[in-house]
Amino acid sequence: MLPRARPAILAALALCVAFAMAARARAQTRSTEAPTRAAPVEDRSEWHLHADTRFVAYAVQSPRSPVALARRRLVQTAGFLQSLRLGDLRAPWTVRVVLELRLDQELGDVCARDGDERCLAETNVDSRRDFQALARITRLDLPEAYLELVPPELDARARIGRQILFDATGFLRLDGARLTTSPHRWVSVDAYGGLYAQEASFAGSDGYAIQGNLRFELPSELSEERAPFVMAPVRTWVIGGAVSFGDARVLRVDALAREARDEGGAVAMRRVGVVARSRPHETLGLRAQALWDPTDGTLVDAVGEIEGHTRRGIVRASARRSEPRFDLGSIWAFFDVVPTDVLSLGGLVRLGRATLVGAMHGRWTRFDDGASEDGPSEGSNDAVFDGGLELSLDLRDGARFVGVGGQLWAGSAGDTARVHLDLGRSVGPVDLYARGSVWHFDHPWQQALHGTSVATAVGASAVITEQVRLRTELEWMHNRVAGHRVRALASLTLRVWR
Amino acid sequence: MTRALLVLALFATGIAFGASWSASTAQTRGRALRSTVVYPPQRIALRMDHSHPAHRALRCERCHEGATESEHARDLLWPREQSCNPCHAEQTARENADEARCGTCHVGTPIEGDDVGDGGSRNGFEVATSSVPTARLHFSHATHAREGVRCLDCHEGVTEATLATRSHLPTMRSCLRCHGGDGIGRHVEGAGTACDTCHLTRPDGRLRTRYPEGALLPPDWLHGMVHDRDFLVRHRWVAADAPETCASCHSERECADCHDGRVRPESVHPNDYLTTHATEAHRDTPRCASCHTTQRFCTECHARLGLSPMSAPGAVSGAPFHPPGFARAHGDDARRALTTCASCHSERDCTTCHGATGIGVGLSPHPPGFTSRCRDAFERNPRACVTCHGGDAERVVERCR
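Everything numeric in this text was worked out from a predicted model, so none of it was measured.

Draft legend 1. Fine view of the overall build of chain B. What chain B contains, in helices and strands, is 20 helices and six strands. Taken over 401 residues, chain B has a buried fraction of 41%. A fraction of 55% describes how many contacts in chain B between residues 6 or more apart in sequence connect residues 24 or more apart. When the accessible surface of chain B is split by element, carbon and sulfur atoms take 57% of a total near 20800 Å².

This is the structure:
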């Protein structure tokens, strides 16, 4: 295992050393006051580098088998930004290049603890009985790589390359182009198009991909027979945009659309949406959003929220309807699903330097038709309910922080009760924190998944210099299913600029 | 249930304890609260009465010399001794420095029997030092004065006060009377509206948010951006509505740190979330899906831990995962949270029963009325139809209305 990972570790360490040297050079050339000042506009060129190294170690014990995963995960990112100002410096054209690299390296192992402990490398292609071997041990990713042009007028910007964008339709990682402009403060336009960048390893946690089939490249050493449920990735093109109009004080409305098509023209995903918001008075905010799948007119996600401000705090009421949607190439896209409605009432109250945050939630799913296309469904025709109460009190007094709170949920999705205590204190450049929580949980029909879980964590985050930040954390947990567990985290962030 | 009640009782006790502490803290600190991050705590060892009729009759710059020319927040604009002299010459005379005189304006400690030479002595006065850290703001008094902004527009209430303290410094709300826009405050032509017009920035141009006194956070009333615990859920709408406001402090990379992260963010997944996540996921799958692509992320662990039909034989315990009778009851659960099914199962598990005869046993999973739109579905993307209906898909589509 370790020899396979060695090049990646060496690469990560080399990056750290390079950045540390650059940070040192930077510290010698910039006055200590500089970080508190706005960037001088007379600079035609500036660049920034950053790197982030994170190592986390913990174990996962299966609740139903003797399998345990020893997670040892290294995540190394490195980024570069170059910004150039061209033309008249009072109204310059800005050209920006952004590049992000990321390395994910798994260093752990999979073990079976049934009598004799058998630990195997995660990719064990020889044994057909042991463990799936789908996750890539090493993943090199390019999260962002784009060129941006910002003209002096029209509040516009154009980007080309790999970029992450987000709007009310959701996240998207795109290899393509995007243009945004706001020629008038009442009008703005956003348009984008390109190739949907949704590749990830099996272990990828990204939320950019369309919910649907398992589509990814299998590790080269693994045959398709071992994973017949995995499909080869297809190129998916996406196009979308938004138009906003209006003054937010009265009414501002966004109209959005996004469509993704697989190679060959098959539609993978379609959304149209409307967002309306208004702040007619400083004490009142209104927001409504609706997203449809125009393929069949399903209301995928709808939210309405009203927020009122008083001298002592905020009151909020919101209603939401959501329905799971899948890639239109997967069979699940055409299953009979029902929406879930959530009504929440909550807000916060200022008590001196403390904040009391609370909310009550009612959540129900109504099986209103109770019948599938072929006749009565197997389930009930009734609605099922859940209700929840969440409260927390946070006291932030300068560099000290104390938070205490909890939640209680009951209903069809299982009962949950949780209390937590968070403490924080800054001592010079070091932020110290401690957390503790007790969680009691039931699962509606998984008797194995109930019990009480206790967790405590202590950690520190230290600003070593303006360029260097360190963070460490140690967490201990105990529950009936997995017994005692420990999780350790170490993180080093380097940031330099010129 | 008893345990749940015990947990609830613990929670209530904690809240009560915290509330009482908070209330007492608020009382001792007075009513006027300014951010200690923007205006660090001051120690002003002076006595002054701005509300004194003689003081009120004066123009501000009569005592605060240079205020109208000041370009930086760091400039100390307190009155100098000579400003006080025309009326307080008797008190400022050094030869008579004792508590009765110096103490008129200064806080300090009387010194008895100070040696004045020639064997004589007299009482003295040790003036206490004041500390007024620079506000963490870009601010030009000169610009504001040129634009006709009056001192009292920003330093409200100072003419009724004795000592001018942090509570007489401008708030963000008062700044937005001219620097506002987009539904907040008012915008006066020429007044900057960007956050870094006033707030300090880091070298990368984003706001500096970390200070010894704590973190610089948005106020409650600004675009619904209050960073309370609820913000974890609500920030997606704020980010969609006003991404440029978020970008004042955060880079897009920070979005990816959480949403494409490999290190569990504690604020999102507290406690031993590995153990408790099943209940949470069952309740609110849309929230899970905002970061996790179920079929990629969830199945990775579930398969390797022997919880999924995709697991290798050696990883499975042999006992069925679902309780007896679940096969008949699974419909409702699948209808309301299909993503939880997809976190362990692949399509082929569903087609075993829901595939057309020959592929499965022909139990239709389609909603009522599906036949009226199935032709469209086929034309847009035939793959799903073919998965369940095989080569018959085109013939089946002919039955669509």
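Draft legend 2. Quick peek at the state of the cysteines. Residues and elements named next belong to chain B. Considering all chains together, one arrives at one disulfide over all chains under this definition. The thiol of Cys102 is not disulfide-bonded; the next cysteine sulfur, from Cys105, is found 9.1 Å away. Overall, Cys102 belongs to the buried group, its relative accessible area being 15%.

Draft legend 3. Broad picture of the interface of chain A and chain B. With 189 residues of chain A at the interface, the matching set in chain B holds 141 residues. Across the interface of chain A and chain B, roughly 14600 Å² is buried in total on both sides, 54% from carbon and sulfur atoms. Of the charged contacts, one joins Arg229 of chain B and Asp422 of chain A as a salt bridge, the two residues approaching to 3.3 Å between their closest N and O atoms. Residues that form the side of chain A that touches chain B fall into these classes: 80 nonpolar, 47 polar and 62 charged.

Draft legend 4. View of the pairing of strand β1 (residues 45-61) of chain A. Residue and element names in this part refer to chain A. Pairing of β1 with strand β2 (residues 67-86) involves 17 bridges; the strand directions are antiparallel. The residue of β2 that forms the bridge with Ala57 is Arg72. Remark: five residues form the turn of the hairpin made by β1 and β2, two consecutive strands paired antiparallel. Examined bridge by bridge, β1 and strand β26 (residues 483-497) share 10 bridges and lie antiparallel to one another. Each bridged residue has a counterpart across the sheet, and for Phe55 the counterpart in β26 is Ala490.

Draft legend 5. Structural context of helix α15 (residues 326-336) of chain B. Listed as buried for α15 of chain B are Phe326, Gly331, Asp332, Asp333, Ala334, Arg335 and Arg336 of chain B. Where the residues of α15 of chain B are buried, they touch β16 (340-351), β17 (354-366) and β20 (383-397) of chain A together with α12 (273-283) and α16 (338-342) of chain B.

Draft legend 6. Examining the pattern of salt bridges more closely. Residues and elements named next belong to chain A. Counted by the stated rule, this structure contains 55 salt bridges over all chains. The closest approach of N and O atoms between Glu259 and Arg270, which form a salt bridge, is 2.7 Å. Residue Glu259 is located in strand β11 (residues 251-262), and its partner Arg270 is located in strand β12 (residues 267-281); the two are separated by 11 residues in the primary sequence. We classify Arg270 as buried; its relative accessible area is 17%. With its nearest N and O atoms 2.9 Å apart, the salt bridge here joins Glu473 to Arg471. The class for Glu473 is buried, based on a relative accessible area of 5%. With a relative accessible area of 28%, Arg471 lands in the partly exposed category. Bridged by salt links that share partners, the residues Arg102, Asp104, Arg139, Asp141, Arg162, Arg173 and Asp175 form one connected network.

Draft legend 7. Structural context of the side chain of Glu305 of chain A. Here Glu305 of chain A is to be found in strand β14 (residues 298-309). Classification of Glu305 of chain A as buried rests on a relative accessible area of 11%. At a separation of 3.0 Å, a polar atom in the side chain of Glu305 of chain A contacts the side chain of Arg234 of chain B. Among all residues touching Glu305 of chain A, those that are not within four sequence positions of it are Gly285, Leu286, Arg287, Arg316, Ala317 and Ser318 of chain A together with Arg234 and Trp237 of chain B.

Draft legend 8. Representation of the confidence of the model for chain A within the structure. Residues and elements named next belong to chain A. For chain A, the average pLDDT comes to 82, and 85% of its residues sit at 70 or higher. Confidence, expressed as mean pLDDT per element, reaches its minimum in chain A at strand β19 (residues 375-376) with 48 and its maximum at strand β9 (residues 187-196) with 95. For the stretch residues 1-5, pLDDT sits under 50, and the model shows nine contacts to residues farther than four places along the chain or on other chains. The model gives residues 23-40 a pLDDT under 50, and that stretch makes 26 contacts with residues more than four places away or in other chains.

Draft legend 9. Looking closely at the side chain of Ser140 of chain B. Residue and element names in this part refer to chain B. Locating Ser140 in the fold gives a position in the loop between β2 (120-127) and α6 (141-146). Within polar-contact distance, the side chain of Ser140 engages the side chain of Thr143 at 2.8 Å. Residues in contact with Ser140, not counting those within four places in the same chain, are Ser70 and Glu71.

Draft legend 10. Layout of the environment of Pro324 of chain A. Relative to the helices and strands, Pro324 of chain A is located in the loop between β15 (313-322) and β16. For Pro324 of chain A, a relative accessible area of 16% gives the class buried. When the C-alpha positions of Pro324 of chain A and Val338 of chain A are compared, they lie 8.3 Å apart, and in sequence the two are 14 residues distant. Residues within four places of Pro324 of chain A in sequence aside, it is in contact with Val337 and Val338 of chain A together with Arg336 and Leu338 of chain B.

Draft legend 11. Up close: the nonpolar core. Core analysis: the largest hydrophobic core is formed by 23 residues, its most contacted members being Phe326, Ile331, Trp332, Phe334 and Phe335 of chain A together with Leu338 of chain B. For this core, the secondary-structure elements that each account for two or more residues are α16, α18 (374-380), α19 (383-389) and α20 (393-398) of chain B. Ignoring sequence-local partners within four residues, the contact set of Leu338 of chain B consists of Pro324, Phe326, Trp332, Phe335 and Val337 of chain A together with Asp333 of chain B. By size, the runner-up hydrophobic cluster in this structure holds 12 residues, among which are Val67 and Leu69 of chain A together with Leu305 and Ala315 of chain B.

Draft legend 12. Layout of the confidence of the model for chain B. Across chain B, pLDDT averages 82, with 89% of residues at or above 70. A low-confidence stretch, residues 22-32 of chain B (pLDDT under 50), is modelled with eight contacts involving residues beyond four sequence positions or located in other chains.

Here is what the cut-offs are and how they apply
Residues numbered from 1 in each chain as written. Chains lettered and ligands numbered in written order. Predicted model: local features only at pLDDT ≥ 70, side-chain atom pairs only at ≥ 80, totals over all residues. Heavy atoms only, no water. Helix = DSSP H or I, 4+ residues; strand = E, 2+ residues; numbered from the N terminus. Buried < 20%, exposed > 50% of the residue type's maximum accessible area, 1.4 Å probe, protein only. Contact = heavy atoms within 4.5 Å. Areas by Shrake-Rupley, 256 points an atom, 1.4 Å probe, with all protein chains shown as cover. Disulfide = S-S within 2.5 Å. Buried area = accessible area lost by both parts, 1.4 Å probe. Salt bridge = Lys/Arg side-chain N within 4 Å of Asp/Glu carboxyl O. Nonpolar A, V, L, I, M, F, W, Y, C, P; charged D, E, K, R; others polar. Pairing = 2+ DSSP bridges. Polar contact = N/O pair within 3.5 Å; in protein donor to acceptor, adjacent residues only side chain to side chain. pLDDT = per-residue confidence, 0-100. Core = buried A, V, L, I, M, F, W, Y, C linked by side-chain atoms within 4.5 Å.

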